[in-house]
Amino acid sequence: MAQQEDVFKKIVSHCKEYGFVFPSSDIYDGLGAVYDYGQNGVELKNNIKQYWWQSMVLLHENIVGIDAAIFMHPTTWKASGHVDAFNDPLIDNRDSKKRYRADVLIEDQMAKYDEKIDKEVEKARKRFKENFNEAQYRATSPKVLELAEKRDALHKRFQEVMNAEGGIDLEGMKQIILDEEIVCPISGTRNWTDVRQFNLMFSTEMGAAAEGASKIYLRPETAQGIFVNYLNVQKTGRMKLPFGIAQIGKAFRNEIVARQFIFRMREFEQMEMQFFIQPGTELDWFAKWKETRMKWHQNLGFGAENYRFHDHDKLAHYANAATDIEFHMPFGFKEVEGIHSRTNFDLSQHAKYSGKKIEYFDPERNESYTPYVIETSIGVDRMFLSIMCHSYEEQQLPDGQTRTVLHLPAALAPVKLAVFPLTKKDGMPEKAQEIINSLRFHFNCKYEEKDQIGKRYRRMDAIGCPYCVTVDQQTLEDNTVTLRDRDTMEQRRVAISDLRSIIEDKVSITSLLKNLI
Ligand code: GAP
């Protein structure tokens with residue numbers, strides 16, 4: 001675990017050192033849980049968005065895109081339930097004056113029992129050496145069984161308070177914190193306030209105060225921009241059910257526990273698609289979208305074992321099925337995408353609050369009804385993080401050296417081809433520029449002439465550039481170059497005129513999309 005934490009720290013510093021992700025307003029020491037994407041980060045992020053957008057809008061004739069505003073009429077959030085129910089349970093420590101999410105304190109406590117169990121197992125492994133049978137030890141050691149029993153009892157109590165009639169049982173939650181003797185990590189004391197609900201939406205004022213400014217919210221999800229445009233798109237696009245509306249855009253949540261770098265941010269980006277369907281067909285479509293979305297993830301080649309579904313037992317009152325796609329991050333399996341069968345809740349709520357009829361006339365059934373919705377919702381930043389985590393490697397080379405390499409899928413890499421003149425003379429820089437000029441319209445190329453070739457390769461490995469080309473003396477004679485592969489580090493001599501056909505297909509988003517149909 002500690003080793004994984006070290007790897008994660010290295011990934012975070014790598015992101016900064018190589019221009020992928022910077023803390024926001026870095027010169028002022030950053031702003032909590034807000035990040036900026038640098039020169040390489042923005043390219044990777046744009047490629048992820050393109051992969052998602054094209055897989056939705058290009059590959060499905062019945063899915064169209066929109067780009068709704070971040071600010072929405074305040075009644076939107078009343079109708080969607082976010083004003084009344086988009087809350088986190090918070091608790092303050094009176095001594096440190098620090099605020100925590102009460103549910104996270106309890107989850108951390110459960111994780112501590114697991115850590116203690118793992119420590120017992122490791123101690124036993126050292127003691128029994130090759131005779132050690134881990135499964136048997138976990139099933140029979142009195143110490144391990146006692147810890148597991150405590151963890152399970154805590155888990156059961158936690159489930160009960162989280163799922164209490166009428167919402168979270170806040171008093172019950174505080175009682176767990178007291179009974180488990182959970183202390184504040186800063187002050188070390190148990191001097192806790194009561195647990196209170198705290199709304200996660202950021203708000204601001206629209207208009208000057210004198211004109212009667214109104215309170216509006218920064219959207220906490222992009223989905224509502226789709227729901228309120230359902231009629232506009234359906235009518236102007238003459239869309240027939242089933243059809244989908246896709247959108248990529250910023251969302252904002254005042255997360256109290258903002259941890260794990262870009263995993264939980266206050267300003268982040270979502271890629272959401274609402275698929276409108278006939279009532280009664282939702283469970284079939286839910287299964288279909290689960291499969292489609294998992295295929296999209298696994299198509300990146302990170303190994304099926306690194307993904308899993310986490311089906312929700314406890315459903316929101318408007319949902320009749322929900323699952324998360326989780327990815328194996330260095331800090332465990334974590335949600336990257338949510339797929340929800342949202343019934344007709346959102347459209348019905350907007351119809352009720354706006355007084356407009358939001359329905360679909362089904363010519364085949366000769367009747368009108370409110371469509372049901374399957375939603376797929378993925379965080380761009382979490383996707384970015386999962387790609388970084390999986391691609392990062394500190395590789396031991398046969399010559400005893402190490403290199404840091406990002407094995408990014410070539411289609412997502414910020415730079416696809418780096419072109420180096422071997423030396424800065426004899427017309428080699430000009431030849432290198434000539435190659436770039438002929439290829440720059442087809443994919444992202446970068447010119448590099450500083451330092452020795454070995455160092456230049458390392459810099460390109462560190463940003464995940466799949467191909468490097470070196471222009472040398474022979475190039476000037478026969479128009480061939482050495483082409484070096486990032487992952488195998490193999491070099492081969494190829495004609496300049498063949499470069500485009502060798503590289504383009506492998507680095508294009510189309511190469512990924514082709515496997516999806
Ligand atoms: N419209 C449904 C919705 O917003 P969600 O599970 O709250 O559902 C969907 O969010 C996805 O958005 C998550 O799976 C995650 O990838 C991303 N996400 C949510 N909160 C986030 C945060 N604070 N920072 C980064 N990504 C976040």
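Please refer to the structure higher up on the page.
Keep in mind that what you see is a predicted model, and the values were worked out from it rather than measured.

Q: For the site of the ligand, give the residues involved together with the corresponding values.
A: Of all residues adjacent to the ligand, which total 20 residues, the nearest are Glu 221, Met 265, Glu 272, Glu 335 and Val 336. Within the backbone of Phe 263, an N or O atom sits 3.4 Å from a nitrogen atom of the ligand. Residue Glu 335 places a side-chain N or O atom 2.5 Å away from an oxygen atom belonging to the ligand. Here the ligand has 550 Å² of accessible area as a free molecule, and 91% of this is covered by the chains. Counting only elements with at least two residues in the shell around the ligand, the list comes to strand 10 (267-277), strand 13 (332-341) and strand 16 (372-379). With five residues, the single largest contributor to the shell around the ligand is strand 13.

Q: Talk me through the environment of Val 34; I want residue IDs and the actual numbers.
A: Relative to the elements of secondary structure, Val 34 occurs in the loop between strand 1 (21-23) and strand 2 (35-37). You can call Val 34 buried: its relative accessible area is 13%. Sequence-wise, Val 34 and Val 494 are 460 residues apart; in three dimensions their C-alpha atoms are separated by 45 Å. With sequence-adjacent residues up to four places away left out, Val 34 is seen in contact with Pro 23, Ser 24, Arg 266 and Glu 267.

Q: Could you give an account of the packing of aromatic side chains, with specific residues and numbers?
A: Taken as a whole, this structure holds 20 aromatic pairs when the rule is applied. Ring centres 5.3 Å apart and planes at 65 degrees place the aromatic pair Phe 275 and Trp 289 in the edge-to-face group. With a gap of 14 residues between them, Phe 275 in strand 10 and Trp 289 in helix 11 (residues 282-298) connect regions that are remote in the sequence. Each member of the pair Phe 275 and Trp 289 is classed as buried. Among the aromatic residues, ring-to-ring pairing joins Phe 227, Tyr 230, Phe 243 and Phe 276 into one connected group. Sitting over the ring of Phe 309, Lys 290 keeps its end group 4.6 Å from the ring centre.

Q: Hey, could you go over the packing of helix 5 (residues 102-128) against helix 8 (residues 170-179) for me, with residue numbers and the actual values?
A: As a packed pair, helix 5 and helix 8 sit with axes 10 Å apart at the nearest point and diverge in direction by 40 degrees. When you trace helix 5 past helix 8, the crossing you get is left-handed. Facing Ala 102, Asp 103, Leu 105 and Ile 106 of helix 5, the residues of helix 8 in contact are Met 173, Ile 176 and Ile 177. Here the contact of helix 5 with helix 8 is composed, by residue class, of six nonpolar, no polar and one charged.

So, how was this worked out
Residues numbered from 1 in each chain as written. Predicted model: local features only at pLDDT ≥ 70, side-chain atom pairs only at ≥ 80, totals over all residues. Heavy atoms only, no water. Near = heavy atom within 4 Å. Polar contact = N/O pair within 3.5 Å; in protein donor to acceptor, adjacent residues only side chain to side chain. Areas by Shrake-Rupley, 256 points an atom, 1.4 Å probe, with all protein chains shown as cover. Helix = DSSP H or I, 4+ residues; strand = E, 2+ residues; numbered from the N terminus. Buried < 20%, exposed > 50% of the residue type's maximum accessible area, 1.4 Å probe, protein only. Contact = heavy atoms within 4.5 Å. Phe/Tyr/Trp six-rings, centres within 6.5 Å; stacked < 30°, edge-to-face > 60°. Lys NZ or Arg CZ within 6 Å of the ring centre and 35° of its normal. Axes fitted to C-alpha atoms, helices over the stretch in contact; angles between N-to-C directions. Left-handed = near helix turned anticlockwise from the far one by under 90°. Nonpolar A, V, L, I, M, F, W, Y, C, P; charged D, E, K, R; others polar.

By themselves, these figures tell us nothing about what the structure is for.
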